[in-house]
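Each chain, written out:
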Amino acid sequence: MDPQNNMEHEAKMYLSHAKTLRLHTGNIVNRSRLKKKCPCSPSEELQDCIQAALSDWKAATKPPSNKDFPDTLDCSIPQPTDAIPPEEREELRVSVKLFLCEAGESSIRDAVEMVCQTLAVSQLDSVIIAPTWPLAEGENQSLAYLKPAWEELESLVRSQRIAAIGTSDLDKDLLEQLYTWAQVKPSSNQVNLASCCVMPADLTAFAKEFDIQLLTHNDPKELMSAATFQEAVQDLSAAIWRLEWVLRYSIIVKSRGIIKAKGYLVSAGKGSQ
């Protein structure tokens, strides 16, 4: 078997035995392959990053000792530039947006712990949560669905894993309900200007009164579909994989307001055929 086919075979063996797949794209600011073309959407950027990370991982795959295949497969290539040196931590702001593809409070803790470990930090400066809303026709977003996730974020604030927590795409009524109920108040709320060209006046007034920062974003409602993720891994695995969460982090130089590093962490579980 030639080296290329052997690497492919080993990578497929790892994936066939794994129950959980974890991906880290590394710092995509420095990825030359992504500089050659500018993805026109966050979804395309994420898809490119996943395929590039899998390709790098496959090229570096080595057979396990004693054929001991792990249940949780870490498909990433550790890069020295990923970790933040302790002497630089005060100069940098680490911001995270967590896209929950499935309900489950444990996913939030797993994602936060993974990014803290990856970046070698004990605390994230801010985490914005973007849950998937299971809405039927005519239903509105509800606080009841958001509560379990928010309580988990509050727990991480109390344990000093996160300094500030925020929300995404809440209208004024739901943001007010959350603010009134929550023990740890939301510090920010992202608004998608693709669907709302002008910031709603009632939302702006409420945010100003209670010191909630309104931010804008251009993320789609579904950052990556199940079919698109399946397409990204299909060359290495015939199994069905469910996206559990996607985390995007940005490391910003406080004094200059520039992004020093940006990357994605992805978690998926093996589903049934």
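Overview of the structure. Residue indices begin from 1 for each chain and proceed along its sequence in written order. Restriction of local features to residues with pLDDT of at least 70 applies here, the model being predicted, together with a cutoff of 80 or more for giving and counting side-chain atom pairs; totals for whole chains, interfaces and linings are based on all residues. Hydrogens and water molecules were not included; the side-chain quantities draw on all heavy atoms of the structure.

Further remarks concern the layout of surface pockets. Every definition here rests on a 1 Å grid over the protein atoms only: cavities are sets of points where a 1.4 Å probe fits but cannot get out, pockets are open sets enclosed by protein on both sides within 12 Å along at least five of seven lines, and lining residues have some atom within 4 Å of a point. Grid points are joined across faces, edges and corners, and a volume is the space filled by probe spheres set on the points. Quantified by volume, the second largest pocket comes out at close to 610 Å³. What lines the second largest pocket is a set of 28 residues, and nearest its centre among them are Ser95, Lys97, Gln190, Arg248 and Ser250. Looking at the lining of the second largest pocket, the elements that each hand over two or more residues are α3 (42-60), β3 (92-100), β4 (124-131), β6 (188-192), β7 (213-217), β8 (241-253) and β9 (258-270). Here the residues of the lining of the second largest pocket sort into 10 nonpolar, 11 polar and seven charged. Helix and strand definitions here come from DSSP, where helices need a minimum of 4 consecutive H or I residues and strands a minimum of 2 consecutive E residues; each element is numbered from the N-terminal end. Polar here means any residue other than Ala, Val, Leu, Ile, Met, Phe, Trp, Tyr, Cys and Pro, which are nonpolar, and Asp, Glu, Lys and Arg, which are charged; Gly is therefore polar.

Time to look at the environment of Pro186. Of note, Pro186 is situated in the loop between α6 (172-181) and β6. As a C-alpha pair, Pro186 and Ile128 span 58 residues in sequence and 9.1 Å in three-dimensional space. When checking whether two residues touch, look at their non-hydrogen atoms; a contact exists if any pair is within 4.5 Å. Setting aside residues up to four positions removed in sequence, Pro186 forms contacts with Trp150, Ile165, Thr167, Leu175, Leu178, Tyr179 and Ile212.

Exposure classes here rest on a 1.4 Å probe applied to the protein chains alone. A residue is buried below 20% of its type maximum, exposed above 50%, and partly exposed in between. In terms of burial, β3 is largely enclosed, as eight of its nine residues are buried. Two strands are said to pair when DSSP picks up at least two bridges between them. Both β3 and β8 contribute to a ladder of nine bridges, which runs antiparallel. In the sheet register, Phe99 faces β8, and the bridge partner there is Val246. Note that β3 and β4 share six bridges and pair parallel. What sits directly across from Leu100, in β4, is Pro131.

This part is about helix α5 (residues 143-158). In a helix, the anticipated span is given by 1.5 Å times the number of residues less one. End to end, α5 covers 21 Å across 16 residues, agreeing with the expected 22 Å (1.5 Å per residue, within 8%). At Ala149, α5 shows its strongest bend, of approximately 30 degrees. For α5, every residue scored as buried is listed here: Leu143, Leu146, Ala149, Trp150, Glu152, Leu153, Glu154, Leu156 and Val157. Buried residues in α5 make contact with β3, α4 (105-119), β4, β5 (162-168) and α6. Remark: Gln160 follows α5 within two positions and exhibits a positive phi of approximately 65 degrees. Throughout, bend refers to the angle between the axes fitted to the seven residues that end at a position and the seven residues that start at it.

Here α3 is 19 residues long and its end C-alpha atoms lie 27 Å apart, about the 27 Å a rise of 1.5 Å per residue gives. Residues Pro42, Glu45, Leu46, Gln47, Asp48, Cys49, Ile50, Ala52, Ala53, Leu54, Trp57 and Lys58 constitute the buried set of α3.

In spatial order, the strands read β2-β1-β9-β8-β3-β4-β5-β6-β7; together these nine strands make up an open sheet with mixed pairing. Looking along the sheet, the strands with just one partner apiece sit at the ends: β2 (72-75) and β7. Shown here is a sheet whose adjacent strand axes are inclined to one another by a mean of 20 degrees, direction ignored. Of the pairings in the sheet, the one linking β4 to β5 comprises five bridges and is parallel in character. By the bridge assignment for β5, Ile129 is matched with Thr167. Under this scheme, a helix contributes an axis fitted over its contacting stretch, all axes are lines through C-alpha atoms, and angles between N-to-C directions fall in the 0 to 180 degree range.

By themselves, these observations are geometric and do not establish any function.
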